[in-house]
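Residue-level structural notes
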Amino acid sequence: MRFVVADPPAGCPDVLEVFTTRPDTLWGVTFLAVAPESAMGRWCAEHGPNAAAVAAYAEETKKKTEIERLAANREKTGVLSGVHAVHPTTGEKLPIYVADYVLASYGTGYVMAVPAHDERDFAFAKARDLPIRIVIQNADASLSLETMENAYSPAGTMVASGPFDGRNSKEAMGDLLAWLGDEGIGTAKVTFRLHDWLISRQRYWGCPIPMVHCSACGVVPVPRDQLPIELPQDVQNFIPEGRSPLADVASFVATTCPKCGAAAERDVDTMDTFIDSSWYHLRFTDAHNGDMPFDPEKARQWLPLDLYIGGAEHANGHLLYFRFITKVLRDAGYLEIDEPVVQLFHHGMVADSDGHTMSKSRGNVVSPIDNAREFGIDASRIAMFFFAPSADEIRWSEKGAHGARKLVQRLFALFTECAPFVRAMPFDVKGCDVTGGAVKGDSGASEAAKEVRRRAHTLLQRFDVAFGGEFALNTGIAGIYELLNAFPTPAVAAAAADADRRCYAESLRVLSLAMAPIAPHLAEEVHVLLGGEGSVFNAAWPQLDESALEQDEIEIAVQVKGKIKARIKVAADTDQATVEAAALADPDVQRAIDGREIRRVIVVPGRLVNVIA
Ligand code: ANZ
Ligand code: ZN
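Before going into details, it helps to say that this report is about the structure given with it. Position numbers for residues count from 1 along each chain, tracking the sequence in the order it is written. Chain A is the first chain written and ligand 1 is the first ligand written, with later ones labelled in order. Predicted model: local features are reported for residues with pLDDT of at least 70 only, side-chain atom pairs are reported and counted for 80 or more only, and whole-chain, interface and lining totals are derived from all residues. Side-chain metrics rest on all non-hydrogen atoms present in the structure, leaving aside hydrogens and water.

Check the secondary structure of the chain and you find 21 helices and 22 strands. Every radius of gyration here is taken over C-alpha atoms, with the globule rule written as 2.2 Å times N^0.38, N being the number of residues. In summary, the chain has a C-alpha radius of gyration of 35 Å against a globular reference of 25 Å for 613 residues, an excess of more than 25%. Along the longest, intermediate and shortest principal axes, the C-alpha atoms of the chain span 105 × 75 × 45 Å. Only protein chains enter the accessibility calculation, which uses a 1.4 Å probe. A residue is then buried if its area is under 20% of the maximum for its type, exposed if over 50%, and partly exposed in between. Every one of the 613 residues in the chain was classed for burial, and the buried ones make up 41%. Each helix is a run of H or I in the DSSP string that is no shorter than four residues. Each strand is a run of E no shorter than two, and both are numbered from the N terminus.

This is the structure in structure tokens:
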């Protein structure tokens, strides 16, 4: 918002731009306040009509920290600059104060003061008998200057506000901003504000803050060769009232000042656990380093992390903090990366069968441990992954857990019975080529055996996509069922012709490896059954044979405005409408369309979809 300075003397700023979150209170502005360090504050201290007083005040302000200046309970001080500004709508002359509750580093360093609706301005105005003007009325219109003891800051009805009289301050905001723009008074802008992160906690758990308080030197950091400061072991009371538990441990508190050697006290607070969760992943790159948290060279080799999996509830906590710490360590030369992790994946919440999110306070939590005891770890995992894509909310159901247990049992029986003939087939772990390179794929196999192999590679492809970052593991698990449904009985498979038997063996190998991430115990057992060496987790991931999928999947190019933007895969017999829908749903295509209106979609069967947007 712009405030013109009345008859600015030579050299004095002639316009003050203020930052406000409450343009609806414009008509209630009765003075302006500027930071001593702002351009206006500095000019007033050097050349202003009241230069001596302003200069002395600015000198005093230097001794205060920003935290002290902003403290709510502090007396609001300030001095008159002797210069005035003009109210943009009423033309009234408003005094400009130089006041330390305005910070130079925030917004523009200039504030339009509205005593009736801002607490700090109210305190300032009260102490000096400055005019207070109510421009937002509460619901029962009971605000009055005579009875007001605090500023009224909520939204309400705009009063004494020119063309906006009678309107709700919140609802009028859009119109108001447009009006202010038209009148040349102000412009709307989206700004982001970072809340300070208070890292100190009055708790035992957490790292001690390595600072010493000396009455002569102030706060002095503990020198590096005395780190780490360890928590005392002889704490008597872990939850004292209103102070840190460490404050009562005299042997911990008493120390000497690293600077002057006089008796001094250790800081008794501990650090927020978010501090450690912001950097512990770095320690994993160099866990046995006794000299430093991690060697930058090791961190360089490992980082950034590939994937961060966490719930959205971390969005304004840990996710910000560990990025800050990364950037600080980068600036300090310990890291080369700008961001700690490449991909973020928010998993869905777990709800009960009625759709209520599980929470301790609701008392509807199904304990994963109890569940694993009853159904087994693998079945519990399969059940969780099968309910829905991992990004979505899942509804827990006992039935699902029973089904998953059945699946585990069915798989184990199948692998046990087929193991003898599968073991007898030559096997190349890397490519899952059970022919040892002699015969490729399914040549010579029956349609039924080809179909089994196709289903095995289909589920592999789905897991490949899922582990590539989408985590829709449910489709891969559905693929396991599809494979089992097409699989012959073990006796039939074992007695089949060579070419068919190769398909069956390969399919089981693919499945045994692909299911390892979701059913690790079963996969490990099966790996041994099939003659695998070592752990399944050291075996190579199976290689997808795209040609195995070919039979009934075709790739269709999607053009937007004449350029190929994506290739989608659909079953060969998919009808045109479904092909069109799949093309339009593709994220790359969506991006290319970019919200434009779609005028026509042309489908060339089996080859191309052309979107005219
Ligand atoms: C007029 C007003 C009227 C305000 C009202 C508030 C209430 P947040 O939301 O925390 O960002 N402000 C602007 N710059 C400042 C600075 N450099 N130092 C101190 N205070 C500053 O706060 C935004 C509000 O903080 C702004 O909106 C401004 O006061 C004040 F009923 O403007 B307000
Ligand atoms: Zn000292």
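From this point, things continue past the structure.
Sodium, potassium and calcium take a 3.2 Å donor cutoff, other metals 2.8 Å, and in both cases only N, O and S atoms count; water is not among them, so sites may look incomplete. Binding of the zinc ion (ligand 2) to the protein goes through Cys214 (SG), Cys217 (SG), Cys257 (SG) and Cys260 (SG), at separations of 2.2 to 2.5 Å. For a four-donor site, all angles between 85 and 135 degrees give tetrahedral; for four or six donors, opposite pairs above 155 degrees with the remaining angles between 65 and 115 give square planar or octahedral; all remaining cases count as irregular. Coordination geometry of the zinc ion (ligand 2): the four donor atoms subtend angles of 105 to 115° at the metal centre, consistent with an arrangement described as tetrahedral. Positions of the donor residues of the zinc ion (ligand 2), expressed as sequence spacing, correspond to C-x2-C-x39-C-x2-C. For cysteine 214, a relative accessible area of 6% corresponds to the buried category. Judged by its relative accessible area of 26%, cysteine 217 is partly exposed.

Quick look at the side chain of serine 81 now. Structurally, serine 81 is set in strand E4 (residues 78–86). Serine 81 sits in the buried class, given a relative accessible area of 0%. Any pair of N or O atoms that falls within 3.5 Å is considered a polar contact. Within protein, one atom must be able to donate a hydrogen and the other to accept it, and sequence-neighbouring residues count only if both atoms are side-chain atoms. In this structure the side chain of serine 81 is engaged in a polar contact, spanning 3.0 Å, whose partner is the backbone nitrogen of valine 83. Residue contacts follow a heavy-atom distance rule, with two residues in contact if any of their heavy atoms lie within 4.5 Å. The residues contacting serine 81, other than those within four sequence positions of it, are Cys44, Pro49, Asn50, Val54, Ile96, Tyr97 and Val98.

It is worth spelling out the state of the cysteines at this point. When two cysteine sulfur atoms lie within 2.5 Å, the pair is treated as a disulfide. Tallied over the full model, the rule gives zero disulfides. The structure places no disulfide on cysteine 44, whose sulfur is separated from the nearest cysteine sulfur, that of cysteine 12, by 5.9 Å.

Let us look at the packing of helix H13 (residues 398–424) against helix H18 (residues 520–529). Axis definition: a line fitted to C-alpha atoms, over the contacting stretch in the case of helices. Angles run 0 to 180 degrees between N-to-C directions. Across the interface, H13 lies against H18 with an axial gap of 9 Å and an inter-helix angle of 15°. In terms of orientation, H13 and H18 fall into the roughly parallel class. Read as a crossing pair, H13 and H18 show a hand that is right-handed. Contacts between H13 and H18 involve Val408, Leu411, Phe412, Phe415, Thr416, Ala419 and Arg423 from the former and Leu522, Glu525, Val526, Val528 and Leu529 from the latter. Note that Gly is not counted as nonpolar here; it falls among the polar residues with everything else outside the nonpolar set of Ala, Val, Leu, Ile, Met, Phe, Trp, Tyr, Cys and Pro and the charged set of Asp, Glu, Lys and Arg. Here the contact of H13 with H18 is composed, by residue class, of nine nonpolar, one polar and two charged. If an angle is under 35 degrees, it is roughly parallel; if it is over 145, roughly antiparallel; if it lies from 65 to 115, roughly perpendicular; otherwise it is oblique. Here a crossing is taken to be left-handed if its near helix is turned anticlockwise relative to the far helix by less than a right angle, and right-handed if that turn runs clockwise.

In this section: the packing of aromatic side chains. Note on aromatic contacts: the rings of Phe and Tyr and the six-membered ring of Trp form a pair at centre separations within 6.5 Å, being stacked when their planes are under 30 degrees apart, edge-to-face when over 60 apart, and tilted otherwise. Using the criterion set out here, one finds 21 aromatic pairs in the structure. Between phenylalanine 31 and phenylalanine 124, the aromatic rings sit 5.3 Å apart at their centres with planes inclined by 25°, giving stacked as the arrangement. Separated by 93 residues along the polypeptide, phenylalanine 31 in strand E3 (residues 31–34) and phenylalanine 124 in helix H4 (residues 119–128) bring together distant segments of the chain. Judged by its relative accessible area of 0%, phenylalanine 31 falls in the buried class. Take phenylalanine 124: its relative accessible area is 0%, and that puts it in the buried class. Arranged with centres 5.0 Å apart and planes meeting at 90°, the rings of tyrosine 204 and phenylalanine 238 form a pair that is edge-to-face. In this pair, tyrosine 204 is assigned in the loop between strand E9 (200–201) and strand E10 (211–214) and phenylalanine 238 in the loop between strand E11 (218–221) and helix H6 (250–253), connecting sequence segments 34 residues apart. In this structure phenylalanine 238 comes out as partly exposed when scored by relative accessible area, which is 43%. Members of the aromatic cluster, each reached through a chain of ring pairs, are Phe31, Tyr97, Tyr101 and Phe124.

Surveying the vicinity of ligand 1 reveals 17 residues, the closest of which are Thr20, Leu103, Tyr106, His117 and Arg193. Here an oxygen atom of ligand 1 and a backbone polar atom of threonine 21 are 3.1 Å apart. In the model, a nitrogen atom of ligand 1 is placed 2.6 Å from a nitrogen or oxygen of the leucine 103 main chain. Per-residue and other accessible areas were derived by the Shrake-Rupley procedure at a 1.4 Å probe size, with only the shown protein chains allowed to occlude residues. Contact with the protein chains hides 87% of the accessible area of ligand 1, taken as 650 Å² for the molecule alone. Among the residues forming the shell around ligand 1, the class breakdown is eight nonpolar, five polar and four charged. Proximity criterion: a residue is near a molecule or strand once any of its heavy atoms comes within 4 Å of it.

It is worth spelling out the sheet that holds E3 at this point. Being paired, for any two strands, means DSSP has found at least two bridges between them. Judged by pairing direction, the sheet is mixed, and its six strands sit side by side in the order E2-E1-E4-E5-E3-E6 without closing on themselves. Because the sheet does not close on itself, it has two edges, and the strands there are strand E2 (15–17) and strand E6 (110–113). Ignoring strand direction, the axes of neighbouring strands in this sheet form an average angle of 40°. Sheet topology note: the strand E1 (residues 2–5)/E4 ladder contains two bridges and is antiparallel. Bridge pairing links valine 5 to alanine 85 in E4.

With that settled, consider helix H11 (residues 368–375). For H11, every residue scored as buried is listed here: Asn371, Ala372 and Phe375. Take H11 and look down its axis: the buried residues cluster within an arc of 100°, on one side only. In H11, those exposed residues whose orientation departs by more than 90 degrees from the buried face are Ile369 and Arg373. Each element contacted by the buried residues of H11 is listed here: helix H12 (377–387) and H13. You can read the cap of H11 off the contacts: a side-chain oxygen lies 3.1 Å from the backbone nitrogen of isoleucine 369, and it is on serine 367. Looking one or two residues past H11, glycine 376 carries a phi angle of roughly 95°, positive in sign. Note that the arc is defined by the directions from the helix axis to the C-beta atoms.

Attention now moves to the sheet that holds E10. Overall, antiparallel pairing links the four strands, which are arranged E11-E10-E13-E12 in an open sheet. Each of the sheet's edge strands pairs with one partner strand only, and the pair in question is E11 and strand E12 (254–256). Pairwise comparison of adjacent strand axes, ignoring direction, gives a mean angle of 45° for this sheet. Here three bridges tie E12 to strand E13 (residues 263–266), and the two strands are oriented antiparallel to one another. Counted as the bridge partner of threonine 256 is alanine 263 from E13.

Purely spatial values, then, with no claim about function.
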